[in-house]
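Tertiary structure, described
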Amino acid sequence: MSKKYVAEPFKIKMVEPIKMTTREERIEKIKEANYNLFALKAEDVYIDLLTDSGTGAMSSTQWAGIMLGDESYSGASSYFNLLDSAKDIFGYKYIQPVHQGRAAEKVVMPLLLSEGKIAISNMHFDTTRAHVELTGAKAIDCVVEEALDTTTYAPFKGNMDVERMKELINEYKSENVGAIIMTITNNTAGGQPVSMENMREVYKVAKESNITVIIDAARFAENAYFIKTREDGYKDKTIKEIVREMFSYGDVFTMSSKKDAIVNIGGLIGIRDEEEFYNAVKSRTISFEGFVSYGGLSGRDLEALAIGLNEGINFDYLNYRIGQMEYIGSRLEEENISFQYPVGGHAVFVDAKKLLPQIPYYEFPAQSLAIELYIEAGIRSCDIGSYMLDNDPVTGEQREAELEFTRLAIPRRVYTQAHLDVVVDALVSIKERAHEIKGYEITWQPKVLRHFTSKLKPIDK
Ligand SMILES: *Cc1c(COP(=O)(O)O)cnc(C)c1O
């Protein structure tokens, strides 16, 4: 039996119509888009699971906050509301708003990293890796081995491999380790959580070696939910208490607030107590983002963010949100469709290699599945597999991804149980005709980050 769906802890006040299309229309649309889902018009998509970033639905309280937004250039009340709310949740002395997560990275990374240094992370998110590398430093991933095993249960597959981290510190010498970056939840490993014990240990080792710990905190609230429900000793703590303890194991945080803070744009930097570091952050923010009291956002964005931070740590909301992932996971399990197990906090990763074994990696099984989902029911997902990997920069050969996933990222507070059933039912009917599905070849591609703009065509065999 599938897991019971956790009913929404909200009711609907405003609706946004979505277009129903026919299968024939979708076959035409995806062909016009050269079989690249990023090239589809959003209005031709029925259920959009491309990303959970900036796609959440704001609450009536947030919309009311939009009207109250103070658009003063300096010292706006919305800025102070944001500081109050963020300081209260994270326990950090200094908070700097910026326009999104990568802006926070752009401001912070050069203050800690430069040519000859390294950053060690449980796994760098792609923009984080890019901003580490832009400083001339090297980004090294150090996730636990369980992360690569998609079928065996482990409660915290996002953890840092602490023993390997210690070896890396010895090998490169602590003075060359510019930062340790803890990504919570571990997005690249499929939204897998990091345990409190792991955060505590990493911080202890970092402090013994005098290394700064940055928390990459996009999904901090989902991570806290997993700690509460899976880790010994946290069952009776509130999400807020757990968040406070998590952030006590960091010195600085960078955050995309387009995820757990449930706003459509925004980001934050937090500094626990170092005034000198905050001063450096302020001057770089002024150069790149705007004055300190708005950081590239409008007053109304700051207001919505101040409210969203608190809504994002509400237990009933998180229980419903993670419940959606678990519901999809349990229905897929019933239908014998493989996915990365256990489900992560923001997405379900369907194992396309197992569903379409006849398609070799160089004909992109996860992209083929994503295209079929669109044709079947107007669902937009994306490939996290060999198609997303660019060619080898030296040999020009197609690289083979270890795992071929089609990612279903779930926007916050947007879709209902019936929508999720449409998604699972579409996968079930695709499974029934899976043997007929063919692979794709690329007819045009740029040199880097090709998956956004490449053109493809079906292989006729
Ligand atoms: C989304 C994300 C970022 C980048 O944030 P943007 O708001 O997209 O710039 C950084 N790190 C993690 C873990 C993320 O999920």
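Calculation rules
Residues numbered from 1 in each chain as written. Predicted model: local features only at pLDDT ≥ 70, side-chain atom pairs only at ≥ 80, totals over all residues. Heavy atoms only, no water. Helix = DSSP H or I, 4+ residues; strand = E, 2+ residues; numbered from the N terminus. Rg over C-alpha atoms; globule rule 2.2 N^0.38 Å. Buried < 20%, exposed > 50% of the residue type's maximum accessible area, 1.4 Å probe, protein only. Lys, Arg positive; Asp, Glu negative; His and termini not counted. Charge placed at Lys NZ, Arg CZ, Asp CG, Glu CD. Core = buried A, V, L, I, M, F, W, Y, C linked by side-chain atoms within 4.5 Å. Domains from an automatic or database assignment. Contact = heavy atoms within 4.5 Å. Near = heavy atom within 4 Å. Polar contact = N/O pair within 3.5 Å; in protein donor to acceptor, adjacent residues only side chain to side chain. Areas by Shrake-Rupley, 256 points an atom, 1.4 Å probe, with all protein chains shown as cover. Nonpolar A, V, L, I, M, F, W, Y, C, P; charged D, E, K, R; others polar. Pairing = 2+ DSSP bridges. Axes fitted to C-alpha atoms, helices over the stretch in contact; angles between N-to-C directions. Expected span 1.5 Å × (residues − 1). Buried area = accessible area lost by both parts, 1.4 Å probe. Salt bridge = Lys/Arg side-chain N within 4 Å of Asp/Glu carboxyl O. Arc of directions from axis to C-beta. Patch = residues over 30% accessible without salt bridge, like charges linked within 9 Å, V, L, I, M, F, W, Y side chains within 5 Å.

Details of the overall build of the protein chain
Within the protein chain, the secondary structure is distributed over 15 helices and 14 strands. Here the C-alpha radius of gyration of the protein chain, 22 Å, is about what a compact globule of 461 residues would show, namely 23 Å. Of all 461 residues assigned to the protein chain, the portion counted as buried reaches 57%. For the protein chain, the distance from the average site of its 54 positive side-chain charges to the average site of its 69 negative ones is 2 Å.

Concerning the nonpolar core
In this structure, Phe90, Phe220 and Leu309 are the most contacted members of the largest nonpolar core, which totals 122 residues. Per-element accounting of this core gives the leading share, 8 residues, to helix α12 (residues 315-334). Looking at which domains feed residues into this core, each of domain 1 (23-52 + 314-458) and domain 2 (60-311) supplies at least three. Every residue in contact with Phe90, bar those within four places of it in the chain, is listed here: Phe220, Val243, Arg244, Phe247, Phe253, Met255, Leu268 and Leu309. Listed in part, the 15 residues of the second largest apolar core include Leu40, Val45, Ala370 and Leu456.

A closer look at the site of the ligand
Taken together, 15 residues are adjacent to the ligand, and Gln100, Gly101, Arg102, Ser256 and Lys259 come closest. Here Gly101 contributes a backbone N or O atom positioned 2.9 Å from an oxygen atom of the ligand. When the free accessible area of the ligand is taken as 380 Å², the share hidden by the protein chains comes to 97%. For the shell around the ligand, the elements supplying multiple residues, two or more each, are α4 (101-112) and α5 (126-134). Considering each element in turn, the shell around the ligand owes the most residues, 3 residues, to α4. A breakdown of the residues in the shell around the ligand according to their chemical character gives 2 nonpolar, 7 polar and 6 charged.

Details of the sheet that holds strand β4 (residues 138-141)
Spatially, 7 strands are ordered β2-β8-β7-β6-β5-β3-β4 in an open sheet, and the strand pairing comes out mixed. On the outer flanks of this sheet lie β2 (94-98) and β4, each paired with one strand and no other. The mean inter-strand angle of the sheet, taken between neighbouring strand axes irrespective of direction, is 20°. With 5 bridges joining them, strand β7 (residues 252-256) and strand β8 (residues 267-271) adopt antiparallel strand pairing. Of the residues in β8, the one forming a bridge with Thr254 is Ile269. Each of β5 (177-183) and β6 (213-216) is contacted by helix α7 (residues 196-208), which is oriented at about 175° to β5, the strand it contacts most.

Quick look at helix α14 (residues 365-377)
Note that an α-helix has 3.6 residues per turn; residues three or four places apart therefore point the same way. Taking 1.5 Å of rise per residue, 13 residues should cover 18 Å, and α14 covers 18 Å from first to last C-alpha, within 8% of that figure. Counted residue by residue, α14 has 13 buried out of 13 residues, so it is predominantly covered.

A word on the domain arrangement of the protein chain
Each domain of the protein chain was delimited in the assignment, giving domain 1 (23-52 + 314-458) and domain 2 (60-311). Centre-to-centre separation of domain 1 and domain 2, based on C-alpha positions: 28 Å. Each partner contributes to the interface: domain 1 provides 25 residues, whereas domain 2 provides 29 residues. Between domain 1 and domain 2 lies a buried interface of about 2,200 Å² when both sides are counted; carbon and sulfur atoms form 55% of it. Where domain 1 meets domain 2, there are 5 salt bridges.

Points about helix α6 (residues 162-172)
Along α6, the residues that are buried comprise Val162, Met165, Leu168 and Ile169. The arc enclosing the buried residues of α6, seen along the axis, measures out at 115°, which places them on a common side. Summarising the geometry of α6, the exposed residues directed more than 90 degrees from the buried face are Glu167, Asn170 and Glu171. The N-cap residue of α6 is Asp161: its side-chain oxygen and the backbone nitrogen of Glu163 are 3.4 Å apart. Phi turns positive, to about 75°, at Lys173, one or two residues after α6.

Details of the side chain of Asn36
Considering the arrangement of structural elements, one finds Asn36 in the loop between α1 (23-32) and β1 (47-48). With relative accessibility at 2%, the residue Asn36 sits in the buried group. A polar atom in the side chain of Asn36 sits 3.1 Å from the backbone oxygen of His451. Not counting the four nearest positions on each side in its chain, Asn36 is found in contact with Gln367, Tyr387, His451, Phe452, Thr453, Ser454 and Leu456.

Quick look at a negative patch on the surface
On the surface, a cluster of negative charge is made up of Asp273, Glu274, Glu275 and Glu276. Within the secondary structure, Asp273 sits in the loop between β8 and α10 (275-288).

Concerning the pattern of salt bridges
Pairing is possible between side chains that carry opposite charge, provided their charged atoms lie close to one another. In the structure shown here, the tally under the stated rule is 26 salt bridges. A salt bridge links Arg380 to Asp48; the shortest N-O distance between them is 2.9 Å. On the criterion of sequence distance, the pair formed by Arg380 in strand β10 (residues 379-380) and Asp48 in strand β1 is long-range, its members being 332 residues apart. Classification of Arg380 as buried rests on a relative accessible area of 7%. In this structure, Arg412 engages Asp52 in a salt bridge whose closest nitrogen and oxygen atoms are separated by 3.0 Å. In this pair, Arg412 is assigned in the loop between β12 (405-409) and α15 (417-432) and Asp52 in the loop between β1 and α2 (60-68), connecting sequence segments 360 residues apart. Residues Arg412 and Asp52 agree in their burial class; the two are buried. Look at the salt bridges and you will find they share partners, linking Asp52, Arg219, Glu222, Asp260, Arg321 and Arg412 into a network.

A short note on the side chain of Arg321
Assignment of secondary structure puts Arg321 in helix α12. Its relative accessible area of 1% is what places Arg321 among the buried residues. If we skip the residues at most four places from it in the chain, Arg321 touches Asp52, Glu222, Gly345, His346, Ile410, Pro411 and Arg412.

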